[in-house]
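Listed below are the residues making up each chain.
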Amino acid sequence: MKIRANVNLQSLNTLALPGRAEYFCRVDNNQSLAEALAYARANNLPVSVLGGGSNVVFRGNISGLMVHLATRGIECAQEGDGLCVHWTAAAGENWHRFVQHTLAEKSYGLENLSLIPGLVGAAPIQNIGAYGLELSERFVSLQALEISSGKIAHFNKAECRFGYRDSIFKQGAAGQFVITSVTLALNTEPNVDISYPALAAALSARPQGDDRKDEFSPADVSAAVCAIRRQKLPDPAVQANAGSFFKNPVLGKQYWQKLQAEYPQLPGYPQADGSVKVPAAWLIDRAGWKGAVGQNCAVHSEHALVLVNSGACSGGQLLQLAEDIIVDIQRRFGILLVIEPQLLGLPAQE
Ligand SMILES: Cc1cc2nc3c(=O)[nH]c(=O)nc-3n(C[C@H](O)[C@H](O)[C@H](O)COP(=O)(O)OP(=O)(O)OC[C@H]3O[C@@H](n4cnc5c(N)ncnc54)[C@H](O)[C@@H]3O)c2cc1C
């Protein structure tokens, strides 16, 4: 375990925001992680955790010790009747590589979550979701280390309190645990879900002459998801971004009906509890923010939900643009947008 001081984090976050960690430790096994946490406890250092850096905004420098997960390992265990298999992956495994690994091993159920950036350990934090599937639907349990004690902890699905882009690790247990591995239940028989309209449309556009008609394999679904994502979302390596910057707001039915009377084109997706989810992108676009330019940052010209670093943006400048959008959307629609990425570090003096 090697602890370095004053480490530059700019290349370790997909928004390419500047920021330095007071102390930084890359851990490639759980023993090193335990030692790093013990070091932080002995020296009264606050601990923060970094995975792939695809869902964080550095407000400024990070005080204390930042641990960067680089642990590896994927294991499979047969369950029950043999139609269900449990896969356990170390927190430092790349999420997309894990998805591809399970598909190659004929375990199905993660195909809709292909190509989401980041590492396995971060996936439960915001209950990653895409194309009609959320991680919670495949989740069995996770293992973590408690930062304050170094003790091993286990969380089952109920204990994680998953919600839309939410879990206990963003609420009551925020900042208290480092997730070390995640276990998911997958199927040995394919059972694809292509109910998400954009996915169904992409698959139905399969080239003529393909005689498989309407049969789609999990590999087909994964390939279609990857193709849509590559076409639709800006690549952080080309244009620094953190994917969706705001969560889609969920409205009470009455308020949704009131808004829809005023804005008949406003899309709405009814939820099981009677509430209605509306696309934050529609609200931001309608308010005229698509392509708007802030200080060293902008709203993407084709994706109203994506904020991009135009070159030398600080966390403060990016958050100022986000704040301007939030205030305007609240004024126009009476809806409070919530920022999706996690904010790390204290605001810098600018
Ligand atoms: C282009 C793009 C597209 C995206 N598309 C989607 C999408 O479709 N759906 C979706 O849900 N998300 C999406 N995201 C967001 C992001 O990919 C996910 O949230 C991902 O799970 C973040 O993983 P990470 O390893 O990069 O986490 P990081 O950004 O490193 O960390 C995110 C948060 O989790 C904490 N954390 C990370 N690892 C651990 C750990 N092991 N233990 C405890 N805490 C930890 C961090 O402290 C931080 O608070 C997208 C991002 C980008 C850039």
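Residues numbered from 1 in each chain as written. Predicted model: local features only at pLDDT ≥ 70, side-chain atom pairs only at ≥ 80, totals over all residues.

Draft legend 1. Structural view of the overall build of the protein. From N to C terminus, the protein includes eight helices and 19 strands. Over its C-alpha atoms the protein spans a radius of gyration of 21 Å, differing by no more than 12% from the 20 Å that the globule rule assigns to 350 residues. Structurally, the protein occupies a C-alpha span of about 60 × 55 × 40 Å along its principal axes. Across the 350 residues of the protein, 40% fall into the buried class. Intrachain contacts of the protein at a sequence separation of at least 6 include 64% that bridge at least 24 residues. (Helix = DSSP H or I, 4+ residues; strand = E, 2+ residues; numbered from the N terminus. Rg over C-alpha atoms; globule rule 2.2 N^0.38 Å. Buried ≥ 20, exposed ≤ 12 C-beta atoms within 10 Å, placed from the backbone. Contact = placed C-beta atoms within 7 Å.)

Draft legend 2. Here's a closer look at the nonpolar core. Counting residues in hydrophobic clusters, the biggest one holds 88 residues, and the most contacted among them are Val67, Val120, Ile284, Leu307 and Leu318. Counting residues per element, this core draws most heavily on helix α8 (residues 315-333), at seven residues. Discounting residues that sit within four places of it in the chain, Val67 has contacts with Cys25, Val27, Leu33, Ala36, Val47, Val49 and Val178. If you look at the next biggest cluster of nonpolar residues, it comprises nine residues, including Ile194, Leu199, Phe216 and Val221. (Core = buried A, V, L, I, M, F, W, Y, C linked by C-beta atoms within 7 Å.)

Draft legend 3. Representation of the domain arrangement of the protein. Split into domains, the protein comes out as domain 1 (3-69), domain 2 (74-187) and domain 3 (241-344). On a C-alpha basis, the centroid separation for the pair domain 2 and domain 3 is 27 Å. (Domains from an automatic or database assignment.)

Draft legend 4. Main features of the site of the ligand. Among the 33 residues in the neighbourhood of the ligand, the closest are listed as Gly51, Gly52, Gly118, Gly121 and Gly243. Looking at the shell around the ligand, the elements that each hand over two or more residues are β3 (47-50), β8 (129-130), β12 (177-187) and β13 (241-244). When the residues that make up the shell around the ligand are grouped by side-chain class, the tally is 19 nonpolar, 14 polar and no charged. (Near = placed C-beta within 6 Å. Nonpolar A, V, L, I, M, F, W, Y, C, P; charged D, E, K, R; others polar.)

Draft legend 5. Representation of the pairing of strand β18 (residues 306-309) within the structure. Every second residue of β18 is oriented toward a common face, with Val306 and Val308 on one face and Leu307 and Asn309 on the other, all of them buried. The pairing of β13 with β18 spans two bridges and is classified as antiparallel. Bridge assignment links Ser244 to a residue of β18, and that residue is Val306. Pairing of strand β17 (residues 297-299) with β18 involves three bridges; the strand directions are antiparallel. Within β18, the position partnered with Val299 by the bridge is Leu307. Hairpin connection between β17 and β18: a loop of six residues separates the two successive antiparallel strands. (Pairing = 2+ DSSP bridges.)

Draft legend 6. Layout of the sheet that holds strand β1 (residues 3-8). Across the sheet, which stays open at both edges, the four strands sit in the order β1-β2-β5-β3 with mixed pairing between neighbours. The strands lining the two open edges of the sheet, one partner per strand, are β1 and β3. Taken over all neighbouring pairs, the strand axes of this sheet differ in orientation by 40° on average, direction set aside. (Axes fitted to C-alpha atoms, helices over the stretch in contact; angles between N-to-C directions.)

Draft legend 7. Structural context of unusual backbone geometry. Residues other than glycine seldom take positive phi values, yet Ala16 does so here, at roughly 55°. Its place among the elements puts Ala16 in the loop between β1 and β2 (20-27). Classification of Ala16 by C-beta neighbours within 10 Å gives buried; the count is 21.

Draft legend 8. Structural view of the pairing of strand β7 (residues 84-90). With six bridges joining them, strand β6 (residues 74-79) and β7 adopt antiparallel strand pairing. Its bridge partner being in β7, Cys76 is matched across the sheet by Trp87. Judged from the seven bridges that link them, β7 and β12 form a sheet pairing that is antiparallel. Counted as the bridge partner of Cys84 is Asn187 from β12.

Draft legend 9. Seen up close, the environment of Arg26. Tracing the backbone through its elements, the reader meets Arg26 in strand β2. The exposure class of Arg26 is partly exposed, given the 19 C-beta atoms found within 10 Å. Note: C-alpha distance between Arg26 and Ala292 (266 residues apart in sequence) is 37 Å. Contacts of Arg26, omitting those with residues within four sequence positions, involve His68 and Ala70.

Draft legend 10. View of helix α2 (residues 95-104). Taken residue by residue, α2 has Trp95, Phe98, Val99, Thr102 and Leu103 as its buried positions. Down the axis, α2 shows its buried residues gathered within 135° of arc, on one side only. For α2, the secondary structure elements touched by its buried residues are β6, β7, β12 and α5 (218-232). Just beyond α2, the residue with positive phi is Lys106, at close to 65°. (Arc of directions from axis to C-beta.)

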